[in-house]
Amino acid sequence: MLKKKSLLLIVLAIVALALVACGTPDDGEDDGGETGEFMCPETWTGLSAELDAACRGEYDGTVVVMNGPFTDEDEVKFNESIADFEEWTGIDIQYTGSKTFETTITASVDGGAAPDIADFPQPGLLLGFVKDGKVIDVSTFLDESWLEQNYKQAWLDMAMMDGIMAGIWARYNAKSQVWYPVPEFEEAGYTVPETWDEMLALSDQIVADGDAPWCVGIESGDATGWPATDWMEEVMLRTTSLENYDRWSFPASPEERLPFTSPEVLNAAQTLSDLWLTEGYVYGGTQAIVTTFFGDAPVPMFDNPPKCWLHKQGNFITSFFPEGSVAGQDYDFFYLPPIDDAYGKPYLIAGDIYAMFNDRPEVRAVMDFFTRGDSLRTWLASGGALSPHNDAALDWYGDDVERGIAELVANADSVRFDGSDLMPGAVGAGSFWKGMTDYFSGVVDLETALAEIDAAWPSE
Amino acid sequence: MESLKVRRLLSSIAVNGALFLICFIWTIPTLALLISSFRPRDDIKSSGWWTVLPHRGWQTTEELPIPEDMTRDEPITIEGITATYDEFREGVVSEDRQTQFLWVGNLRSGRIEVRERKWGVNWDFTFENYGQVLAGKTYEITNADGSVSIVQGDNFTGAFLNTFTVAIPATVIPILIAAFAAYGFAWMRFPLRKVMFIGVVALLVVPLQIALIPIMRDYVSLDLNGTFLAVWLAHTGFGLPLATYLLYNYISGLPRDILESAFIDGASHFTIFLRLILPLSVPALASFAIFQFLWVWNDYLVALIFLGVTNSDIQVMTMRIQEMTGSRGQDFHALTAGAFVSILVPMIVFFSLQRFFVRGLLAGSVKG
């Protein structure tokens, strides 16, 4: 008996020791500058009062807690990008990434433990918090003329939600790229298409040569179907006006909304369907569309010789390409061509908006820092992010492909945000995914699928 | 007599054979995980773990250039075999079934591979997955000035220790409380005893998810959120109903005579509990300990809500494993090694306590 009790005591003692060892937060070794001296780059202009104070070391030793969805490699790149700023100001930005960010942020905000700053890849999710009055209006302390100088107006407009500036755009990724394997493509004598018809002709040519032109896969676990929604948005932008796209994805009022059952959306869906369901166009046949993991979809492109030749996806997809393949050498991209010249060359993007939940001076300073290209510089050089900031120079990008994308986006006739991320969650992260999946798996016909998607739109 | 023996022998062979087969089938997923964890990333993505076993397949022995000026419709003859392009794409097998002619690629840039049927194994093993898990992945970071630095990602050690720190008290605390409670419900007489016990049992059906946000609000106001104490208390609360119920079943079934004679000898409730009940209920305690430990060890949600959102230094292993797969799941091969490291401890715990486990489960259900 005594033995058991002492055993228990030992266990408890070990636990207590472990606690002491793991639980104590590290004492920050702050080597920020002395108060008064301006440590940040002299080139920075339009500083808010808080950022100026932070650069003089006034918030040395404070902690800003940040949550977001990026983990692993992206988390490392983020931490490296902010390291200089932490050194200049002595502010410790503690970032925690979680792949279930959408769930945890709701729990922590509702539970009253909101992080100081949160990174939202889906503005639709942020809008909910804005409506609940949880989000701080950043325009109250950021210098207006600085924002106008460093962001295109479209970015600032997209940050306005429910009458307040709900956050600042920190990064984006571009979607309108079609990737192809360069050496084999050139060897086969194919040429990069400039128009939709040329692209269809190229597809027919590849079919005639015995291959499937397109690598398509929309499987993604719970989120199966999202690559199809990206495609839908691309085709929408190329077959109808920007006003219609905005009315479709982010209507200002219920009366203005362009429903999924409208002829414009039906036309876009039909165009996409014609591309994917044409016999022989998709590698593995049409039944493979729904069952192929989106990350595995481009892999046959890198077989020798390629099994499929074209793959449209956001710039993040390069992390799924086989190890050792070189941008610009083994693969490259072309812009998904326009369908109707009347709508120019639109570019589809998605991005991350940083929103602020707790109003403290050091949090304000950090938010101001994120309005500057310098907050992304290391990330751009390491690859994997694109900068919405005007002061981020093109030569900061680490590889030609991302530089090329950034240049294309900067010169695009119009830029629009991923519609499914703007739509209410029930549609954009629900029925839209499911409807597209149902249609391409052959469960329902197109009209029924679109009607199903539309039925989920909240009536308010 | 003889036939009886033979029949017994046969039936025992049949039973043991069936058990062995079931065990084997149940072990396959673990075995597959173990094998996969030693395979390189590209192999995991392109072929199944069973290809490490000897199997017969086509192996390329020769490559032929494609004939010029051919069209899709007309048959061609290669090495004495006549077929159309589309047939060659599917693979044409020679008459003795030992050679296959396969057109790889398309009409423009393809080649013809001559393949022979051979036995082979895919024995390309690596420790890289375990390296990434145990030492942390390395990332190449290009600095703003163009220099490249290598950054070491988080490794498993911290998360591993954190999981222990969470799991041990979260197992011990509910057992202690539940053993006291079960004794009280079983052997002490006090008003509303039945009602309170029904209340405890009723709590079994409450899903823990609905309690997360209210508890979190309380934790925030008590400044407990993001501490180990918060997770211990949460796991204790969620584990108590089952623990109390399980231990009550066992303790109430202990022979009344022993306890009565102890009472007559003047033992207090506390002495009886410590000297009689605890030693007698070791099987039940152990079986619940296994339950609770495994549950806490594998828990993701509770730890994520109460620990993980605020600080990555106190992450538990389930969260770490999930992060290892990369922001978009591009590194899911790391999951194999990570998962295997994480199931080692539960396996050790289970195998070392399993004899209690079986006894405890049985003893709880059979009164007497």
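Residues numbered from 1 in each chain as written. Chains lettered and ligands numbered in written order. Predicted model: local features only at pLDDT ≥ 70, side-chain atom pairs only at ≥ 80, totals over all residues. Heavy atoms only, no water.

**Q** How would you explain the sheet that holds strand β9 (residues 308-312) of chain A if you had to name every residue and give the values?
**A** Residue and element names in this part refer to chain A. Read from one edge of the open sheet, four strands run β8-β9-β7-β10, paired in mixed fashion. Two strands bound the open sheet, and with one partner strand each, they are β8 (212-214) and β10 (331-335). Each strand axis lies, on average, 25 degrees off the axis of its neighbour in the sheet, ignoring direction. Pairing of strand β7 (residues 177-181) with β9 involves two bridges; the strand directions are antiparallel. Residue Trp179 lies in a different strand from β9, and its bridge partner there is His311. (Pairing = 2+ DSSP bridges. Helix = DSSP H or I, 4+ residues; strand = E, 2+ residues; numbered from the N terminus. Axes fitted to C-alpha atoms, helices over the stretch in contact; angles between N-to-C directions.)

**Q** Please set out the domain arrangement of chain A residue by residue, giving values where relevant.
**A** All names here are of chain A. As far as domains go, chain A holds domain 1 (45-173 + 350-405) and domain 2 (177-349 + 415-455). Contact with domain 1, which involves 17 residues of that partner, is made by 14 residues of domain 2. For the pairing of domain 1 and domain 2, the buried interface totals around 1,400 Å² over both sides, and the portion due to carbon and sulfur atoms is 72%. It is Ala350, Val401 and Ile405 that lose the most area in domain 1 upon contact with domain 2, and together they represent 38% of the buried surface on that side. Applying the counting rule to domain 1 against domain 2 returns zero salt bridges. Of all the secondary structure elements, the ones that give two or more residues to the side of domain 1 that touches domain 2 are α5 (123-131), α7 (153-159), β6 (168-174), β11 (346-356) and α16 (400-411). Here the side of domain 1 that touches domain 2 gets four residues from one element, more than from any other, and that element is α16. For the side of domain 1 that touches domain 2, the residue count by class is 10 nonpolar, five polar and two charged. (Domains from an automatic or database assignment. Contact = heavy atoms within 4.5 Å. Buried area = accessible area lost by both parts, 1.4 Å probe. Salt bridge = Lys/Arg side-chain N within 4 Å of Asp/Glu carboxyl O. Nonpolar A, V, L, I, M, F, W, Y, C, P; charged D, E, K, R; others polar.)

**Q** Which residues make up the packing of helix α3 (residues 72-89) of chain A against helix α14 (residues 361-370) of chain A, and what values do they have?
**A** Residues and elements named next belong to chain A. Where α3 meets α14, the axes come as close as 12 Å, and the angle between the chain directions of the two elements is 115 degrees. Of the possible angle classes, the one that applies to α3 and α14 is roughly perpendicular. The interaxial crossing formed by α3 with α14 has right-handed handedness. Only Ala365, Val366, Phe369 and Phe370 of α14 make contact with α3, whose side of the interface consists of Phe78, Ser81, Ile82 and Phe85. (Parallel < 35°, antiparallel > 145°, perpendicular 65-115°, else oblique. Left-handed = near helix turned anticlockwise from the far one by under 90°.)

**Q** Tell me what's going on with the environment of Asp331 of chain B, and back it up with residues and numbers.
**A** Of note, Asp331 of chain B is situated in the loop between α13 (317-324) and α14 (334-365). Since its relative accessible area comes to 10%, Asp331 of chain B is described here as buried. Once the C-alpha coordinates of Asp331 of chain B and Val121 of chain B are considered, the two residues, 210 residues apart in sequence, prove to be 25 Å apart. Sequence-distant contacts of Asp331 of chain B, that is, excluding residues within four places in its chain, are made with Asp72 of chain A together with Arg41, Lys137, Met324, Thr325 and Gly326 of chain B. (Buried < 20%, exposed > 50% of the residue type's maximum accessible area, 1.4 Å probe, protein only.)

**Q** Quick one: what's the story with the state of the cysteines, residue by residue and with numbers?
**A** All names here are of chain A. Applying the stated criterion to the full structure yields two disulfides over all chains. Sulfur-sulfur distance for the disulfide between Cys40 and Cys55 comes to 2.0 Å. Because the torsion about its S-S bond is -95 degrees, the bridge between Cys40 and Cys55 counts as left-handed. A residue pair is termed long-range when its members are at least 10 positions apart, and Cys40 in the loop between α1 (2-23) and α2 (49-55) and Cys55 in helix α2 qualify at 15 residues. A single burial state applies to Cys40 and to Cys55, both of which are buried. Between the sulfur of Cys215 and that of Cys308 lies a disulfide, 2.2 Å long from S to S. (Disulfide = S-S within 2.5 Å.)

**Q** Describe the domain arrangement of chain B, naming the residues involved and giving the relevant values.
**A** Annotation of chain B at the domain level lists domain 1 (54-120) and domain 2 (156-365). For domain 1 of chain B versus domain 2 of chain B, the distance between C-alpha centres works out to 62 Å.

**Q** So, the pairing of β10 of chain A: which residues are in play, and what are the values?
**A** Residues and elements named next belong to chain A. Most of β10 is tucked away, with four of its five residues classed as buried. As paired strands, β7 and β10 are joined by five bridges and run antiparallel to one another. Its bridge partner lying in β10, Pro181 is registered against Tyr331.

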